[in-house]
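Structural characterization, general
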Amino acid sequence: MSANPALDRRMAYLTTHQVPFVKATVVRALHPTSAQPGDTALVLEDGRIEGFVGGVCAEATVRVQALRLLRSGESLLLRISPDAPPAPPDEGEAGTLLVANPCLSGGELEIFLEPLRPAPVVLVLGDTPIGRSLVTLGAGLEYDVRTVGEEVSADVSADVSADVTADVTAEELGGVAAVVIASHGRQEEGLLTRAARAGVPYVALVASRRRGAAVLAGLDLDPEQRDRIHTPAGLWIGARTPGEIAVSILAELVASRHALSVHTEEAAAVPAAPSAEPLTALDPVCGMTVAVVADTPYSDARGHRHWFCSTGCRDRFEAEPAQPAEVP
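Read on for a plain summary of the structure. Just so you know, these numbers come straight off a predicted model, no measurement behind them.

**Details of the sheet that holds strand β1 (residues 21-30)**
Strand order in the open sheet formed by six strands is β3-β2-β1-β6-β4-β5, with mixed pairing between adjacent strands. Each edge of the open sheet is held by one strand with a lone partner, namely β3 (49-51) and β5 (96-100). Averaged over all adjacent pairs, the angle separating strand axes in this sheet is 25°, with direction ignored. Sheet analysis places β1 next to strand β6 (residues 108-116), joined by nine bridges and oriented antiparallel. Paired with Ala24 across the two strands is Leu113, which belongs to β6. Contacts from helix α2 (residues 56-72) reach β1, β2 (40-44), β3, β4 (76-81), β5 and β6 within the one sheet, and its direction differs from that of β4 by about 155°.

**So, the state of the cysteines**
Covalent bonding between the sulfur atoms of two cysteines is what defines a disulfide. Tallying each qualifying case throughout the model produces zero disulfides. In this model Cys313 remains outside any disulfide bridge; the closest cysteine sulfur is found in Cys309, 3.8 Å from its own.

**Comments concerning the packing of helix α3 (residues 129-140) against helix α8 (residues 242-257)**
Here α3 crosses α8 at 55°, and the two axes come no closer than 8 Å. As far as their axial angle goes, α8 and α3 are oblique. For the crossing formed where α3 meets α8, the hand is right-handed. Taking contact as the criterion, the partners of Pro129, Ile130, Ser133, Leu134, Leu137 and Gly138 in α3 are, on α8, Pro242, Gly243, Ile245, Ala246, Val247, Ile249 and Leu250. Tallied by class, the residues present in the contact of α3 with α8 amount to ten nonpolar, three polar and no charged.

Conventions we followed
Residues numbered from 1 in each chain as written. Predicted model: local features only at pLDDT ≥ 70, side-chain atom pairs only at ≥ 80, totals over all residues. Heavy atoms only, no water. Pairing = 2+ DSSP bridges. Helix = DSSP H or I, 4+ residues; strand = E, 2+ residues; numbered from the N terminus. Axes fitted to C-alpha atoms, helices over the stretch in contact; angles between N-to-C directions. Contact = heavy atoms within 4.5 Å. Disulfide = S-S within 2.5 Å. Parallel < 35°, antiparallel > 145°, perpendicular 65-115°, else oblique. Left-handed = near helix turned anticlockwise from the far one by under 90°. Nonpolar A, V, L, I, M, F, W, Y, C, P; charged D, E, K, R; others polar.

Below is the structure:
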């Protein structure tokens with residue numbers, strides 16, 4: 001527990017409600033700085049910072065790096081210094097990053113950034129050999145595997161949550177990472193339809209190519225929603241046994257979560273466009289890289305939108321006379 005009970009309660013709330021965030025903790029402060037070792041803040045997906053790890057200039061750097069780590073899931077020791085080399089940031093030993101922050105009035109900060117992302121929720125429908133294998137293997141991947149509909153066997157029930165039914169609502173599907181239907185025709189149409197309409201990132205149906213196409217054709221979905229359902233489920237790895245098929249399905253899920261485009265007819269996975277990096281801009285006054293989020297000060301002055309590390313830089317920018325246009 002930290003020295004901030006209110007922040008501890010906030011972390012517990014976010015964790016319970018499966019809200020991803022980054023915990024930022026000051027581990028070293030070289031004066032003059034306003035932060036002290038042990039100061040802690042939470043960075044949410046929308047860029048909001050709750051807590052304290054320094055002034056607005058330090059916050060701007062923490063926000064940019066924290067949003068990046070929420071996507072990668074990696075932890076980082078962030079070193080912020082006004083005397084660091086200019087951009088790009090200096091990547092030192094593994095897990096460390098030295099970033100120049102010209103706004104700092106001397107001093108340096110070292111802040112440990114730890115992304116705390118909820119375990120992906122995977123719903124599995126079907127008390128079948130493949131369904132039971134998905135439950136067992138998914139738990140080993142530290143996924144939050146939950147069964148829906150039929151009860152699972154006693155030998156795996158202790159490893160999963162069984163508090164939802166096949167009638168899971170669209171609201172309950174909102175935070176779900178994957179839905180896998182392995183029920184061999186039982187209760188599958190309704191859950192497939194709701195999962196596709198809810199935009200669940202990975203939806204898969206265990207079926208032969210012919211039966212899968214017939215099931216999809218009968219669903220009340222638009223073509224785009226129908227095309228997002230994976231059937232036959234899983235990568236083509238020559239799987240034969242229920243356990244091997246479960247491995248192929250989980251492999252396809254992993255590839256989907258890491259933005260890989262996977263060929264279903266061969267065992268090759270080809271990287272697609274990387275997952276989006278947080279949108280950033282350069283502060284035109286101090287030159288800092290800042291995240292373009294709701295909490296970032298910005299200005300529409302001079303016919304263009306600019307983003308700033310702080311309201312101070314924005315006020316200086318707006319107070320300076322506009323440069324006259326060059327005449328050829």
